[in-house]
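Working through the structure, step by step
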Amino acid sequence: MAKEELMQFDGLVLEILPDARYRVQLDQGHEIVAYTAGKMKKNRIKTLAGDRVTVEMSPYDLEKGRLVFRHKDERASGPRPPFRGGQFRRR
């Protein structure tokens, strides 16, 4: 049996909920609850309210989704200065 194809939508994070979940308003106007994908957790990609995201959804449950991509912020301009310092030293 073939696996169903996932649908992808763009949206806007409205609210951060407990347990690493987010309330997302899709561009079509629907509101869903989404969780962070494993690759985003692994790479420590943070998502804040107001971020543009891409959400994967199953065709069987259109109320839940998974955040798979956080779009770059257009407001941020120029490179950030390198991180100098911190709490721990490397050996």
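Here we summarise the structure given alongside this text. Here, residues in each chain are numbered from 1, in the same order as that chain's written sequence. Confidence filtering applies because this is a predicted model: local features only for residues at pLDDT of at least 70, side-chain atom pairs given and counted only at 80 or more, and all residues used for totals across whole chains, interfaces and linings. Side-chain measures were taken over the full set of non-hydrogen atoms in the model, leaving aside hydrogen atoms and water.

1. What about the overall build of the protein?
Worth spelling out the cut-off: The secondary structure listing takes helices from DSSP runs of H or I that are at least 4 residues long and strands from runs of E that are at least 2 residues long, numbered from the N terminus. Relative accessibility decides the category of a residue: with a 1.4 Å probe and only protein chains considered, values under 20% of the type maximum give buried, values over 50% give exposed, and everything between is partly exposed. Residues are treated as being in contact if the distance between any of their heavy atoms lies within 4.5 Å. The Shrake-Rupley method, run with a 1.4 Å probe, gives the accessible areas here. Residue values count only the displayed protein chains as cover.
Helices and strands together make up the secondary structure of the protein, namely 1 helix and 5 strands. Each helix and strand of the protein, ordered N terminal to C terminal, gives the series β-β-β-α-β-β. By residue count, 22% of the 91 residues in the protein fall in the buried class. Looking at the protein alone, contacts between residues at least 24 apart form 51% of all its contacts between residues at least 6 apart. Carbon together with sulfur atoms contributes 50% to the accessible area of the protein, which is approximately 8000 Å² in total.

2. Here we look at the pairing of strand β1 (residues 7-17)
Condition: Strand pairing is defined by DSSP finding a minimum of two bridges between the two strands.
Bridge analysis of β1 against strand β4 (residues 52-58) gives 6 bridges, and the strand direction is antiparallel. Bridging across to β4, glycine 11 finds its partner in valine 53. Here 6 bridges tie β1 to strand β2 (residues 21-26), and the two strands are oriented antiparallel to one another. Bridging from a neighbouring strand, leucine 12 pairs with glutamine 25 of β2. In this antiparallel pair of consecutive strands, β1 and β2, the connection spans 3 residues, and aspartate 19 shows a positive phi of 65 degrees.

3. With respect to the nonpolar core
For clarity, the cut-off: Only buried residues count toward a nonpolar core, which is a set of Ala, Val, Leu, Ile, Met, Phe, Trp, Tyr and Cys residues joined through side-chain atoms within 4.5 Å.
Counting residues in hydrophobic clusters, the biggest one holds 11 residues: Val13, Tyr22, Val24, Leu26, Ile32, Ala34, Met40, Val53, Val55, Met57 and Leu67. Breaking this core down by element, the ones donating at least two residues are β2, β3 (31-36) and β4. Residue contacts for isoleucine 32: discarding those within four places in its chain leaves Tyr22, Arg23, Val24, Leu26, Val55, Met57, Leu62, Glu63 and Gly65.

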